[in-house]
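Residues per chain are reported as follows:
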Amino acid sequence: MSAPERRASTSAERESVVRDTGPLVVFGVAMVVAAFLLGEMVVRGDWRSFGVSLPFGLLIAWVLWLVLVNPHVSYNTERVRVVNIGRIHDLPWARLTAVRQRLGIAFETDSGPTIVAVGATAPRGRGVVVGGITGQLPNAADFSKNANPIEAMRVAAAPSDAQVTSRWDTRALAIGAVLAGIVLVDLVILAVGPAA
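It should be emphasised that the depicted structure is a prediction, and the values quoted were computed from it without experimental measurement. (Residues numbered from 1 in each chain as written. Predicted model: local features only at pLDDT ≥ 70, side-chain atom pairs only at ≥ 80, totals over all residues. Heavy atoms only, no water.)

Visitor: Just to check I follow, could you spell out helix α2 (residues 22-44) for this structure?
Guide: Owing to its 3.6 residues per turn, the α-helix brings residues three or four apart onto one side. For α2, spanning 23 residues, the distance from its first C-alpha to its last is 34 Å, which sits close to the expected 33 Å at 1.5 Å a residue. Where α2 is concerned, the buried positions are Phe 27, Leu 38 and Met 41. Summarising the contacts, the buried residues of α2 are in contact with α3 (47-69). Backbone geometry just downstream of α2 places Gly 45 in the positive-phi region, at approximately 80°. (Helix = DSSP H or I, 4+ residues; strand = E, 2+ residues; numbered from the N terminus. Expected span 1.5 Å × (residues − 1). Buried < 20%, exposed > 50% of the residue type's maximum accessible area, 1.4 Å probe, protein only. Contact = heavy atoms within 4.5 Å.)

Visitor: What is the right way to read the sheet that holds strand β5 (residues 96-101) from this model?
Guide: As a general point, the strands of a sheet are linked pairwise by backbone hydrogen bonds and lie either parallel or antiparallel. The antiparallel open sheet is built from three strands, whose spatial order is β5-β6-β7. Two strands close off the open sheet at either side, each with one partner strand: β5 and β7 (114-121). Pairwise comparison of adjacent strand axes, ignoring direction, gives a mean angle of 20° for this sheet. Of the pairings in the sheet, the one linking strand β6 (residues 104-109) to β7 comprises four bridges and is antiparallel in character. What sits directly across from Phe 107, in β7, is Ile 115. Against the sheet, helix α6 (residues 147-156) engages β5 and β6, with an angle of about 170° to β5. (Pairing = 2+ DSSP bridges. Axes fitted to C-alpha atoms, helices over the stretch in contact; angles between N-to-C directions.)

See the structure below:
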């Protein structure tokens, strides 16, 4: 592979990611609390409680991860990928007609549906939402801080025949299904345990 081809492939693979940081903090605090509670059971030597609590804790951690951490928007020179709760949308630039900032970044497609990113909400200061509704918003540009660079890339993108694709986030959902199965087995063992 020649040097120009190498540079082209790395620039196409470079991803910019937009995600809310507030939910990451909430997830981090929840994981610290969960680790403390489970660790306390280990320190006390209460292995039965630890064994019963661990599957439930892992399932709750997965739910929090799915809702708070996993949703995001990533984009490169070819497309935007919107990862929502349980769904992934690949949006080629050529299929987008506009990128707007609502509560989340909204991607309007030429085929009709608008895809709203739940993991990339609009940055707001105090009173920004009410000011935006009443039309008295002094700094409207701040509201679109996340959408503006993405819209600029959409306008500059090269034509393409690629189509919009939407699919289930099978890896994330499979992890949840496995954890739910483990919790179910744990509940069955708890239900029949004392009778034995």
